[in-house]
Amino acid sequence: MSAEWICVERLQDECRRYLDRFKVFDHPLKQSTITVLESRGTRGKVTVPANSNPPNSIIPTTVTAATLSLDPLSIAFDGSDPLSQFAKQQETSLGKDPLSRMAAEMEDTVPVGKTVAGTGSTGTGKSKEPSNLLELDLIEPWAARRGAILNKYTTSEKLSIVTSFLTGGETIKPQTTMSEKVKYRLEQLDDFEDGSVRQMLDLSQQEYVIKIEQLNHELVLAWNQDQRVKALKIAIQCSKLLSDTSVIQFYPSKFVLITDILDIFGRLVYDRLRTKAEYVHPGTREMTALPENFTPEMVPESAKETCQNWFYKIASIRELLPRLYVEIAILRCYSFLAKDEFGQALRRLSKMIRGIGDPLVAIYARCYLCRVGMGLTLDRTYIRENLDDVLMVYHTIFNGGIRSEIARHRITLSGYISLYLPALDWILQGVAIMTTDGQLDAILQRCTEKKNPALLLQSIMQSFRSDFIASRAAQLVQILSSISVEGLSRGQLLRLLGSIISHTPPPVEQRATVLASAWTTISALGNVEEYIQCAEMWAQYTSQHFGLKEIDSFMGDILHHMSPNRVYEQHYHELQVIVDKIVSNANDINGILALDNFLPLLDLFQKESIKLEVCKNILTSYRNASVSDTIIINDPVVTNALMYISRVLNDSVNALTGEDERRQISSLICHFIRKVDFGRDFEQQLAFYVEARSVLSNLDSALSTLIHSVNRLATSTRRIIKGQHTPKTAAFVKACAAYCFITIPSIIDVQTRMELYLQSGQVALLNVCLQQADSCFEAALNLIPEVPRTVQIDGKTQSSESFLKAYVINFLSTLVIVPDNPTQGVLYLLRLLLEVVPKYTFEPGSNTLSTIYLHVLDFLSVAAQEVYPYHIVNVISNDELYGSDPKFIAEVNELCCDVCDKLLQQLKQLLDSNAVRAQSKLALDLFVKIITGADLTVEKMFTLTYNLWNLAVKNRNVLEPNQLQNVLSYTEHLATVTKVETQHQCLLVLLEKMKSRM
């Protein structure tokens, strides 16, 4: 052997490394900031540290925090030259002369301390008063409804379109008789002069939409080319399309598409008139565009005349429907003529709509009138008048003529009635704006008295305020249970009511009555599909506002309706939603899981994929509801329910399961495992863990959580008995250790197994289960050769050497207090470690193996001491077991020599590979280990130590600047504190030689 290592006895304080210390004034991890001070009269910005005071010479006006990544160019060029600033001021001023600017400033100035009437703000902070109903934000915008209407009302039938502005189609020849010529003169605005009239047939819905978009494009193009008459004619043609109900189920979508074009036409006309209505602003000599809140007095006469001409042209349109729609489209233009013209025009147009015979066409015309009117005025009289007219002709929807029309179109009465909903909803929402509850009650009463009021009641529930509906939920349930529902289903109305009160509950005193009355009607529904859809909507209300008894009855009734003839197989989605709503909204989820009908309801899900999703949602809801550490599970019924759900999730995991899915399932199950707590009944707790192990065999994370939980259980047992085990508790902690030792091999990941073996061995050692601890430690060491060379961490491939190094260091610190097994020999576990570590495949040029050997030398130095630095109560470590027996010390010295020889071989290999830096660093590290733990009176070791120092000094240029000086200081410290005189003299001699080489 090249080394003759003899361990020297030392006090622990002698080996302590004293590092250089220096005073700091700020926390090194604190984020740095810059404070930017802008000073009046300077263009530059002064940056000062965040914690310092600004310079006294600068008076800050504003202080703003900026990040370190300020753009230097933006700081350098933050201002502009004086000429540019002056020119900018001239451009933004209302006038060029001082008097004009002064007059403008006088108009805009508000005296200090005075507030704007009707607001609490001053100066520029005054809020804009709402000028129309839409600005009140009390109604859902039409734009939000548009997409839903287009998606709902579709058709597969062929459509047709009549126009003269699109190519293709069948030509319609104009008549040339005298009567037709007279008719042409009367209809010259809505006759088609631009080429022949064409009728396009057999268009699909998508083709029809494309043609409508082309008309929209043609209108804008004609307007931009100053062809106003052509644009008007396109608008008229589009309006005429709304009289066509040949494909009646598509009518609401057609209404949306056509009114979009009319809105664009109205906006073009309004913008054109506003452009022509420039006026001279007081105090200036320049023409200025009208402000947003202009009055008719500001509008020049020429613009008013142009506006009147537009209305005259539209009034000469002979057909009622296009005349109505086009005038409604430009209704906003009345603001150029008179101040209070909107109300009169809206009421006049409301009466004109009475001339439309088709109730469907009429109600959508009223919808468009109300939609445009709400954006113009706060007046609501015309909306109420339109509702009165709708109610007046409501009975015609169900007359014989309409029924024959429905039959001709081959649609059901229910489908036909649903066409009215978008228009009726909008009108009723407008009526409900700023309306008292008494007025709404009157409307509700009036609608209820109508024959077949289901359509009106559905629209009322969709349109009126939810708090109004909720406060009258009991009354509405009675109404819905007794009225005639021709054309609509009773279940549909009850489903809508359930949706409303789920989010806005009725008064407390009404809740039980509402549920009892509604559920009596729902249970009596003959259609299973209607029943389960109603149950889906009422599940949230029931689980939120009622106790476990009512929820159990609710689930039992669902089982009663769904079980016969396996009806549940057609309603998996509704059942899934019901279960999700119950578990996510219930106040006591543990109580829900313990209900008699909960697991039978869960058993209805026979399809594996759906049952998996349901179980996952249940555990997710449970996790969200039990975030607090104080919430635990100790009810066996709840535990069994969650165990059943966990088994379903575990059994779904296979080789094809994605990593994210596996991680999500594991997280849910692990949360459940951690929440089970039977208090001081440790045997029942261990029995639960045994059952869970048999159920959760496919998830490494779940098994790992079980092992941690069992180790915690063993530690809790020791804490309760204060380390003094009785025969019963000793047997229990041994059972815990056996549980861990048996379970760990089921885990696939090698690193996880190693960590769990080490932790389980430490817990076993803490409980004086020496044989179990030895078995765990030995199993952990035997896994080292199986550690993969690389591992995936966050999607990145990394070497496992860092894990192995940290693991061995942790293992060695535990091994200090592990007593030797008499049947295995001295330091058996350390010898096994030295045997298995070289079997791991290290990276070329890696220093991990040498680092491990250096820490083994530290361990052996401690093992040779008379008293170890730490112990476990009731565990006799090797210091007490051997009592510094010379044979034991000789074994330790022999191991030190072996390890030292291995390190010297490492040095030689580094020399052969010309790794000078690594060689010098290893030489210094070995030097420190020798002077710390070896007897320097042995000449061979003293010579080796001095040679290692010479090797490091020789290559000082590749070391850190202060590295040699730090080692020298440490050697001086050892020479000072060493109590053994011979060692002290050797260190002094070594110091002289070291300094001579510096």
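How each quantity is defined
- Each chain has its residues counted from 1, following the order in which its sequence is written.
- Predicted model: local features are reported for residues with pLDDT of at least 70 only, side-chain atom pairs are reported and counted for 80 or more only, and whole-chain, interface and lining totals are derived from all residues.
- To obtain the side-chain values, all non-hydrogen atoms of the structure were included, while hydrogens and water were left out.
- Runs of E in the DSSP output that reach at least two residues are strands. Runs of H or I that reach at least four are helices, and both are numbered from the N terminus.
- Here, expected helix span is obtained from the residue count minus one, scaled by 1.5 Å.
- Exposure classes here rest on a 1.4 Å probe applied to the protein chains alone. A residue is buried below 20% of its type maximum, exposed above 50%, and partly exposed in between.
- The contact rule is simple, with two residues in contact once any of their heavy atoms fall within 4.5 Å.
- Side-chain rings of Phe, Tyr and Trp (the six-membered ring for Trp) are treated as a pair once their centres are within 6.5 Å; stacked means planes under 30 degrees apart, edge-to-face means over 60, and tilted covers the remaining angles.
- For a Lys NZ or an Arg CZ to count as sitting over a ring, it must be within 6 Å of the ring centre and within 35 degrees of the ring normal.
- Pairs of cysteine sulfur atoms within 2.5 Å are what we label disulfides.
- Any Lys or Arg side-chain nitrogen found within 4 Å of a carboxyl oxygen on Asp or Glu counts as a salt bridge.

1. Considering helix H16 (residues 421-432)
1) Next: Taking 1.5 Å as the rise per residue, H16 with twelve residues should run 16 Å; its terminal C-alpha atoms sit 16 Å apart, in good agreement.
2) Next: Burial analysis of H16 places twelve of its twelve residues in the buried class, the great majority of the element.
3) Next: Leu421, Pro422, Ala423, Leu424, Asp425, Trp426, Ile427, Leu428, Gln429, Gly430, Val431 and Ala432 are the residues of H16 that are buried.
4) Next: Contacts from the buried residues of H16 go to helix H4 (142-152), helix H12 (359-374), helix H13 (381-392), helix H15 (413-418), helix H17 (437-448) and helix H18 (454-463).
5) Next: Met434 lies just past H16 and shows a positive phi near 55°.

2. Observations regarding the side chain of Gln249
1) Next: Of note, Gln249 is situated in the loop between helix H7 (228-240) and helix H8 (251-276).
2) Next: Non-local contacts of Gln249, meaning those with residues more than four positions away in its chain, are made with Tyr153, Thr154, Thr155, Glu157, Ile411 and Leu419.

3. Quick notes on the packing of aromatic side chains
1) Next: Counted by the stated rule, this structure contains 32 aromatic pairs.
2) Next: Measuring from ring centre to ring centre gives 5.0 Å for Phe255 and Tyr364, while their planes differ by 55°; the resulting arrangement is tilted. Of this pair, Phe255 sits in helix H8 while Tyr364 sits in helix H12, and the two are 109 residues apart along the sequence.
3) Next: On the basis of relative accessible area, Phe255 is assigned to the buried category, the value being 0%.
4) Next: Classification of Tyr364 by relative accessible area gives buried; the value is 1%.
5) Next: Members of the aromatic cluster, each reached through a chain of ring pairs, are Trp142, Tyr251, Phe255, Tyr325, Tyr364, Tyr368 and Trp426.
6) Next: Here the guanidinium or amino end of Arg332 rests over the ring plane of Tyr270, the centre of that ring lying 3.9 Å away.

4. Some details on the state of the cysteines
Formally, a disulfide is one covalent bond, and it connects the sulfur atom of one cysteine to the sulfur atom of another.
1) Next: Under the defined criterion, the tally for this structure stands at zero disulfides.
2) Next: Cys333 provides the cysteine sulfur closest to Cys307, a residue in no disulfide bond, and the two sulfurs are 5.3 Å apart.
3) Next: We classify Cys307 as buried; its relative accessible area is 1%.

5. Things to note about the pattern of salt bridges
1) Next: Within this structure, the stated rule accounts for 29 salt bridges.
2) Next: The salt bridge involving Arg348 is made with Glu327; its shortest N-O contact spans 2.5 Å. Here Glu327 lies in helix H10 (residues 320-329) and Arg348 lies in helix H11 (residues 341-352), a separation of 21 residues in the sequence.
3) Next: The exposure class assigned to Glu327 is buried, which follows from its relative accessible area of 6%.
4) Next: For Arg403, the salt bridge goes to Glu486, with nearest N and O atoms at 2.7 Å. Highlighted residues: Arg403 in helix H14 (residues 400-409) and Glu486 in the loop between helix H20 (473-482) and helix H21 (490-503), separated in sequence by 83 residues.
5) Next: Residue Arg403 is classed as partly exposed on the basis of its relative accessible area, which comes to 33%.
6) Next: Because the salt bridges share partners, they merge into one network encompassing Arg354, Arg366 and Asp389.

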